[in-house]
Amino acid sequence: GAGAALRPCSTRVALEGINKPVIDRIIRVDHAGEYGANRIYAGQMAVLGRSSVGPVIQQMWNQEKDHLKKFNELMVAYRVRPTVLLPFWNVAGFVLGAGSALLGKKGAMACTVAVEESISEHYNNQIRTLIEEDPEKYKELLQVIKQFRDEEQEHHDIGLEHDAEATPAYSVLKTAIQLGCKAAIFLSERI
Amino acid sequence: VRCQQYPPLRALQASAALRGASDEHKKEPWASSSQQHFDSPPAGHQPEQKPHPSYTGQGGQESEDYESEEQLQHRILTAALEFVPEHGWTAEAIAEGAKTLGLSVAAAGLFHSDGSELILHFVSECNTKLSELLKKEQKLVQLGEAEKKPTDEFLRDAVEARLRMLIPYIEKWPQALSVLLLPRNIPSSLNLLTSMIDDIWHYAGDQSTDFNWYTRRAVLTAIYNTTELVMMQDSSPGFEDTWRFLENRVADAMTMSNTASQVQSTGEAVVQGLMGAAVTVSN
């Protein structure tokens, strides 16, 4: 509008010329997702930390911690606002992780498979969006998202390797969790 | 016969003047003579001047100094600010501003009669000035030519700098505040307020990515709004009461955040103590 100037900014990232609304959403929802994933693994570790799958979960959790750290940096660099629902994802993620772990090791793995599948699909959508926008301009962001998508896919495969599908009511559990993920993604993009 | 020719001429001239097809005040003779419409245009204006662009059908003249309607409105509103202390945030001020640019007073018709655009324009300009000021300060700190201020001092100075921009218009500012609260204007005014507060925190070095992001901005917004209201009522020399109020509010906010983190660490310590006690008892 009249008088609206480009917001002056001195972060490492050049904010001029990027599609701010699209990038905002992407970073906000990804940050929320990694935050939630962290809490899910924390919940699983709280129950299964001393079991035989403890080390496996711990390793996946460590990777999620790195992911979250990266999105924290991107959030500051692009001056994106975090989702207002973070405190809610804090609790919901932990409850989901702990709850699925209480169903046993296979239950925890089933939860991992469901969540990681949702996240991989979600990252693929974002990669498509960014490539449609301008692959050159968003090269760094694309690299990050591609790498993270590959790592989430690995987690998904690890979950399958550990008999996720043998969980009682596997398909029901998986559908329910994925529905929750879709809702979480929808909300975190907007609020 | 002549009288009948002029009204359509005036409309064309007014709209042509508003369209801002050129910056060179080619329209000046026409605009200033809009009052003298029914007399012959003053001699000396006609012959040497180039024919009026759109009136003579050269509306397609898009040289480098073609300006968009947005830019024209921007210029009119900026010029109008000079007249706000006298006329308030009104169409009169806008009309006066348009006159100084050599435009017809009908230019005020481009805007709402309650001065909404003028006020929003002013707020936007102030916010831009503030951002530039903070950016300059940040550069100085980065170059090592200035000390990095502690957070409370930074916030205090930023809010004071922004509020000082209101001083020339302070008499009429309460009127502006009420216009900004009109339902029609709330999205824009809220947007301007939140981006200003976000800017201040950004330059203060805020890097929070959790709920603190919201807490900090909410607190600063409250400080800004209350200080602004205090300023409206302040009759002390140099607004020293306002700045003292601001200092106290910022200090309160700092205390609250310190207390909050103290409470949190105390809480964590208590929980650890209880867990330790439980382990001991279970053994």
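From a predicted model like this one, the values you see are computed outputs, not experimental measurements.

Rules used throughout
- Residues numbered from 1 in each chain as written.
- Chains lettered and ligands numbered in written order.
- Predicted model: local features only at pLDDT ≥ 70, side-chain atom pairs only at ≥ 80, totals over all residues.
- Heavy atoms only, no water.
- UniProt positions renumbered as here; feature names shortened; annotations may be inferred.
- Helix = DSSP H or I, 4+ residues; strand = E, 2+ residues; numbered from the N terminus.
- Core = buried A, V, L, I, M, F, W, Y, C linked by side-chain atoms within 4.5 Å.
- Buried < 20%, exposed > 50% of the residue type's maximum accessible area, 1.4 Å probe, protein only.
- Domains from an automatic or database assignment.
- Contact = heavy atoms within 4.5 Å.
- Lys, Arg positive; Asp, Glu negative; His and termini not counted.
- Salt bridge = Lys/Arg side-chain N within 4 Å of Asp/Glu carboxyl O.
- pLDDT = per-residue confidence, 0-100.
- Buried area = accessible area lost by both parts, 1.4 Å probe.
- Nonpolar A, V, L, I, M, F, W, Y, C, P; charged D, E, K, R; others polar.

Caption draft 1: Up close: the UniProt feature "domain: Ubiquinone biosynthesis protein COQ9 HTH" (unreviewed entry) in chain B. If you check UniProt for "domain: Ubiquinone biosynthesis protein COQ9 HTH" (unreviewed entry), the listed places come out as residues 69-99 of chain B in our numbering. Annotated as 81% helix and 0% strand, the span residues 69-99 of chain B places its first and last C-alpha atoms 17 Å apart.

Caption draft 2: Fine view of the nonpolar core. Formed by 57 residues in total, the largest nonpolar core has its most connected members in Ile-76, Trp-89, Leu-118, Trp-173 and Ile-200 of chain B. Those elements that place two or more of their residues in this core are α3 (69-80), α5 (91-100), α6 (116-142), α7 (151-164), α8 (173-180), α9 (186-204), α10 (212-233) and α11 (240-282) of chain B. Counting contributing residues, this core receives three or more from each of domain 1 (68-113) and domain 2 (116-264) of chain B. The contact partners of Ile-76 of chain B, leaving out residues within four places of it in the chain, are Ile-94, Ala-98, Leu-101, Leu-103, Ala-107, Leu-110 and Phe-111 of chain B. Ile-18, Ala-42, Met-75 and Tyr-170 of chain A belong to the second largest nonpolar core, which has 45 residues in total.

Caption draft 3: Structural context of the side chain of Glu-151 of chain A. Residue and element names in this part refer to chain A. Looking at where Glu-151 falls in the secondary structure, it is placed in helix α5 (residues 139-161). Salt bridges are absent for the buried Glu-151, whose nearest opposite-charge side chain, Arg-149, sits at 11 Å. Not counting residues within four places of it along the chain, the set of residues in contact with Glu-151 comprises Gln-63 and His-67.

Caption draft 4: Here's a closer look at the environment of Ala-46 of chain A. Residues and elements named next belong to chain A. Tracing the backbone shows Ala-46 in helix α1 (residues 20-48). Given the relative accessible area of 53%, Ala-46 is considered exposed. Sequence spacing of Ala-46 and Cys-111 is 65 residues, and the spatial spacing of their C-alpha atoms is 15 Å.

Caption draft 5: Molecular detail of the confidence of the model for chain A. Here chain A averages 89 in pLDDT, while 93% of its residues score no lower than 70. In this model residues 1-11 of chain A is a low-confidence stretch, pLDDT under 50, and it forms 32 contacts with partners more than four residues away in sequence or in other chains.

Caption draft 6: Broad picture of the domain arrangement of chain B. All names here are of chain B. Examined at the domain level, chain B breaks down into domain 1 (68-113) and domain 2 (116-264). When each unit is reduced to the centre of its C-alpha atoms, the spacing between domain 1 and domain 2 is 28 Å. Each partner contributes to the interface: domain 1 provides 15 residues, whereas domain 2 provides 13 residues. Regarding the contact of domain 1 and domain 2, the summed buried area is about 1300 Å², with carbon and sulfur atoms giving 69% of it. Counting the surface domain 1 buries against domain 2, the share from its top three residues, Leu-81, Trp-89 and His-112, is 55%. On the surface where domain 1 and domain 2 come into contact, there are 0 salt bridges. Secondary-structure elements contributing two or more residues to the side of domain 1 that touches domain 2 are α3, α4 (84-87) and α5. Looking at which element gives the most residues to the side of domain 1 that touches domain 2, the answer is α3, with 4 residues. Looking at the side of domain 1 that touches domain 2 residue by residue, the classes come out as 9 nonpolar, 5 polar and 1 charged.

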